[in-house]
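Notes for the structure review
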Amino acid sequence: MPRRLEALMRYSLLVVAFALSACGASLIPGTQVQDTPQNREISDLVEAYRTALEDRSEDKLRKLVSRRYYENASTTDDNQDDYGYDKLSGEVLPKLKDNIKKVQYRIVLRRVTFDGERATAEYEYFWKFQYSEGGRTEWKAANDFNRLDFVKEDGHWKIIAGL
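Residues numbered from 1 in each chain as written. Predicted model: local features only at pLDDT ≥ 70, side-chain atom pairs only at ≥ 80, totals over all residues. Heavy atoms only, no water.

Quick notes on the pairing of strand β4 (residues 118-133)
Inspection of the sheet shows strand β3 (residues 100-115) paired to β4 by 14 bridges, in the antiparallel sense. By the bridge assignment for β4, Lys102 is matched with Gln130. Adjacent in sequence and paired antiparallel, β3 and β4 are bridged by two residues, among which Gly116 carries a positive phi angle near 65°. With 16 bridges connecting them, β4 and strand β5 (residues 136-153) associate as antiparallel partners. By the bridge assignment, Tyr123 is partnered in β5 with Asn146. Two successive antiparallel strands, β4 and β5, enclose a turn made up of two residues, where Gly134 displays a positive phi of approximately 60°. (Pairing = 2+ DSSP bridges. Helix = DSSP H or I, 4+ residues; strand = E, 2+ residues; numbered from the N terminus.)

This is the structure we're talking about:
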């Protein structure tokens, strides 16, 4: 094959490859979620949640959470462990500051979905935390999947379930 034809073919393949890669959806860095303004807004809130946990900041977490927050602790058949915003704010979050000494929390956002004024962020988390209990200090590590549910209130997304 003449060199000129071979060079033209290589150039053509390069142009096609570049064009195809440019057509693919870009992802939000560090996630598996398409980079759109709507997805980016939820991704930013998930990141704010992650850093608030690492900072053990009750105030930052409260600002992210809806006053309509409700948690069933993943036990739909037992309402004894269910709680709302008041218990979250008055009992659960203070334990984060009092009993948990250090937190390392990594999130891989897997999926974001929207249904009108509601959104869901599905993610995998890896965390390690140091806690004190009964005079002992220990580290615990975990890896699991979770989902944060959001509701739009006054034009802003707030966490309504899933902490």
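Examining helix α2 (residues 37-55)
End to end, α2 covers 27 Å across 19 residues, agreeing with the expected 27 Å (1.5 Å per residue, within 8%). All of the buried residues in α2 are Asn39, Ile42, Ser43, Leu45, Val46, Tyr49, Arg50, Ala52 and Leu53. Here the buried face of α2 lies against α3 (58-64), α4 (85-99), β3, β4, β5 and β6 (156-161). Of the residues trailing α2, Arg56 is marked for its positive phi of about 55°. (Expected span 1.5 Å × (residues − 1). Buried < 20%, exposed > 50% of the residue type's maximum accessible area, 1.4 Å probe, protein only. Contact = heavy atoms within 4.5 Å.)

Looking at the side chain of Glu153
Take Glu153: it is sitting in strand β5. Polar contacts involving the side chain of Glu153 include one to the side chain of Ser66, which spans 2.5 Å. If sequence neighbours within four positions are ignored, Glu153 has contacts with Ser66, Arg68 and Lys158. (Polar contact = N/O pair within 3.5 Å; in protein donor to acceptor, adjacent residues only side chain to side chain.)

A short note on the environment of Arg111
Mapping Arg111 onto the fold places it in strand β3. Spatially, the C-alpha atoms of Arg111 and Asn39 are 9.0 Å apart, while their sequence positions differ by 72 residues. Excluding anything up to four places from it in sequence, Arg111 contacts Val33, Thr120, Ala121 and Glu122.

Here we look at unusual backbone geometry
A negative phi angle is the norm for most residues apart from glycine, just as the trans form is the norm for most peptide bonds. Of note in this structure, Arg56 is not a glycine but carries a positive phi near 55°. Take Arg56: it is sitting in the loop between α2 and α3. With a relative accessible area of 17%, Arg56 lands in the buried category. A positive phi angle, near 50°, is found at Asp154, a position not held by glycine. In this fold, Asp154 is placed in the loop between β5 and β6. Residue classification places Asp154 among the exposed residues on the basis of a relative accessible area of 79%.

Observations regarding the side chain of Arg56
Of the side chains bearing the opposite charge, Asp98 lies closest to the buried Arg56, which forms no salt bridge; the N-O distance is 7.4 Å. Not counting the four nearest positions on each side in its chain, Arg56 is found in contact with Leu96, Lys97, Ile100, Lys101, Lys102 and Val103. (Lys, Arg positive; Asp, Glu negative; His and termini not counted. Salt bridge = Lys/Arg side-chain N within 4 Å of Asp/Glu carboxyl O.)

With respect to the sheet that holds β6
Pairing within the open sheet is antiparallel, and its four strands lie in the order β3-β4-β5-β6. Every other strand in the sheet has two partners, leaving β3 and β6 as the edge strands with one partner each. Each strand axis lies, on average, 30° off the axis of its neighbour in the sheet, ignoring direction. This element, α2, spans β3, β4, β5 and β6 of the sheet and lies at about 165° to β3. Across the face of the sheet, α4 comes into contact with β3 and β4 while running at roughly 140° to β3. (Axes fitted to C-alpha atoms, helices over the stretch in contact; angles between N-to-C directions.)

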